[in-house]
Amino acid sequence: MKNDKGVLVVISGFSGCGKGTMMKELLENYDNYALSISATTRSPRIGEVDGREYFFKTKEEFKKMIDEQAFLEYACYVDNYYGTPKAYVEKCLEEGKDVLLEIEIQGAHHVKELMPEAVLIFILPPSAEELKNRLSGRGTETEDVIQARLDRAKEEAYGIEEYDYVVVNDNLEESVAQLNALIKSLHCDTFRNKELINNIREGVNRF
Ligand code: 5GP
């Protein structure tokens, strides 16, 4: 039988690399994706809506969710907590959707430990200079926060080889098409199709 369970895809990238925009484009232009919405203790940015970009929580509410084991993983990033609610991810995978987790690097490693079948993809900016320009240009963070995020990028740069794939976000449309092709091809992995292979093997053995 063909494997029709969804693939759990973890997407990370430096702050400002454009991964959020890529996720939006992927959902709008291609089928069969579900984007996990994280909970966070950080304040909403202008234009962000509770339940759309994030579930915005107080520290107390977030702690309660930890105690209730509601998270698949959670991590602290530049003074705030971020976590992936478990139930939605499990439900969507069972429904055969490819589930996107847009999370930072500690969370990504955590997910890989818990679910080795997860695939880790790191989005790279075309250059370090361009990253800095994009982060400053979006005007949503103070200078201090921008610097903290660039400092964090220095650390994250050492963890990229632990990811399975990298995709460079230069031309948005092309990069998203490449990301989609990459994710769709994961359905052809031999380890995701063990049942199919076994069935065929048994069949040919009966010849
Ligand atoms: P931002 O504040 O820019 O929305 O997100 C900051 C960082 O937190 C980004 O690298 C983002 O991918 C990451 N992040 C968002 N949600 C989660 C989550 O549920 N878990 C973890 N570990 N990281 C997250």
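Fair warning: this is a prediction, and the values are worked out from it, not measured in the lab.

The next point concerns the overall build of the protein chain. A count of helical and extended segments in the protein chain gives 8 helices and 9 strands. Its C-alpha atoms give the protein chain a radius of gyration of 18 Å, within 12% of the compact-globule value 17 Å for 207 residues. For the protein chain, the spread of C-alpha atoms along the three principal axes comes to 70 × 40 × 30 Å. With an accessible surface of roughly 11,800 Å², the protein chain has 52% of that area assigned to carbon and sulfur atoms.

We now examine the environment of Lys19. With respect to the helices and strands, Lys19 occurs in helix H1 (residues 19-29). On the basis of relative accessible area, Lys19 is assigned to the buried category, the value being 13%. Each C-alpha atom of the pair Lys19 and Ile103 lies 10.0 Å from the other, and the pair is 84 residues apart in sequence. Ignoring sequence-local partners within four residues, the contact set of Lys19 consists of Ile11, Ser12, Gly13, Phe14, Glu102 and Ile123.

Here the phi dihedral of Gln69 falls at roughly 55°; this positive angle occurs in a residue that is not glycine. Turning to its location among the elements, Gln69 is positioned in the loop between helix H2 (59-67) and strand S5 (71-77). Residue classification places Gln69 among the exposed positions, given a relative accessible area of 59%. Not every positive phi belongs to a glycine, and Val78 is a case in point at roughly 40°. Structurally, the position occupied by Val78 is in the loop between S5 and strand S6 (80-85).

Before going further, it helps to examine the site of the ligand. Around the ligand there are 16 residues in total, and Ser38, Arg42, Tyr54, Tyr82 and Glu104 lie nearest to it. Contacts to the ligand include Glu104, whose side-chain N or O atom sits 2.7 Å from a nitrogen atom. Arg149 is positioned such that a nitrogen or oxygen atom in its side chain is 2.7 Å from an oxygen atom of the ligand. When isolated, the ligand has an accessible area of 510 Å², and the protein chains bury 95% of it. For the shell around the ligand, the elements supplying multiple residues, two or more each, are S5 and S6. In terms of residue class, the shell around the ligand is built from 5 nonpolar, 4 polar and 7 charged.

Moving on to the sheet that holds strand S8 (residues 119-124). Ordered in space as S2-S7-S1-S8-S9, the 5 strands form an open sheet in which the pairing is parallel. Each edge of the sheet is formed by a strand with only one pairing partner; in this case those strands are strand S2 (33-35) and strand S9 (165-168). When strand polarity is set aside, the average angle formed by the axes of neighbouring strands in this sheet is 30°. In terms of strand pairing, S8 meets S9 through 4 bridges, oriented parallel. Note that in S9 the partner of Leu124 across the bridge is Val168. Sitting on the sheet, helix H3 (residues 86-94) touches strand S1 (8-13), S2 and strand S7 (98-102), and the angle it makes with S7 is about 150°.

Time to look at the packing of helix H5 (residues 128-137) against helix H6 (residues 143-156). Running from N to C, H5 and H6 point in directions that differ by 150°, and their axes come no closer than 10 Å. The angle between H5 and H6 falls in the class roughly antiparallel. Crossing of H5 against H6: the hand is right-handed. Of the residues in H6, those touching H5 at Leu131, Lys132, Leu135 and Ser136 are Ile146, Arg149, Leu150 and Ala153.

Reading the values: the criteria
- Residues numbered from 1 in each chain as written.
- Predicted model: local features only at pLDDT ≥ 70, side-chain atom pairs only at ≥ 80, totals over all residues.
- Heavy atoms only, no water.
- Helix = DSSP H or I, 4+ residues; strand = E, 2+ residues; numbered from the N terminus.
- Rg over C-alpha atoms; globule rule 2.2 N^0.38 Å.
- Areas by Shrake-Rupley, 256 points an atom, 1.4 Å probe, with all protein chains shown as cover.
- Buried < 20%, exposed > 50% of the residue type's maximum accessible area, 1.4 Å probe, protein only.
- Contact = heavy atoms within 4.5 Å.
- Near = heavy atom within 4 Å.
- Polar contact = N/O pair within 3.5 Å; in protein donor to acceptor, adjacent residues only side chain to side chain.
- Nonpolar A, V, L, I, M, F, W, Y, C, P; charged D, E, K, R; others polar.
- Pairing = 2+ DSSP bridges.
- Axes fitted to C-alpha atoms, helices over the stretch in contact; angles between N-to-C directions.
- Parallel < 35°, antiparallel > 145°, perpendicular 65-115°, else oblique.
- Left-handed = near helix turned anticlockwise from the far one by under 90°.

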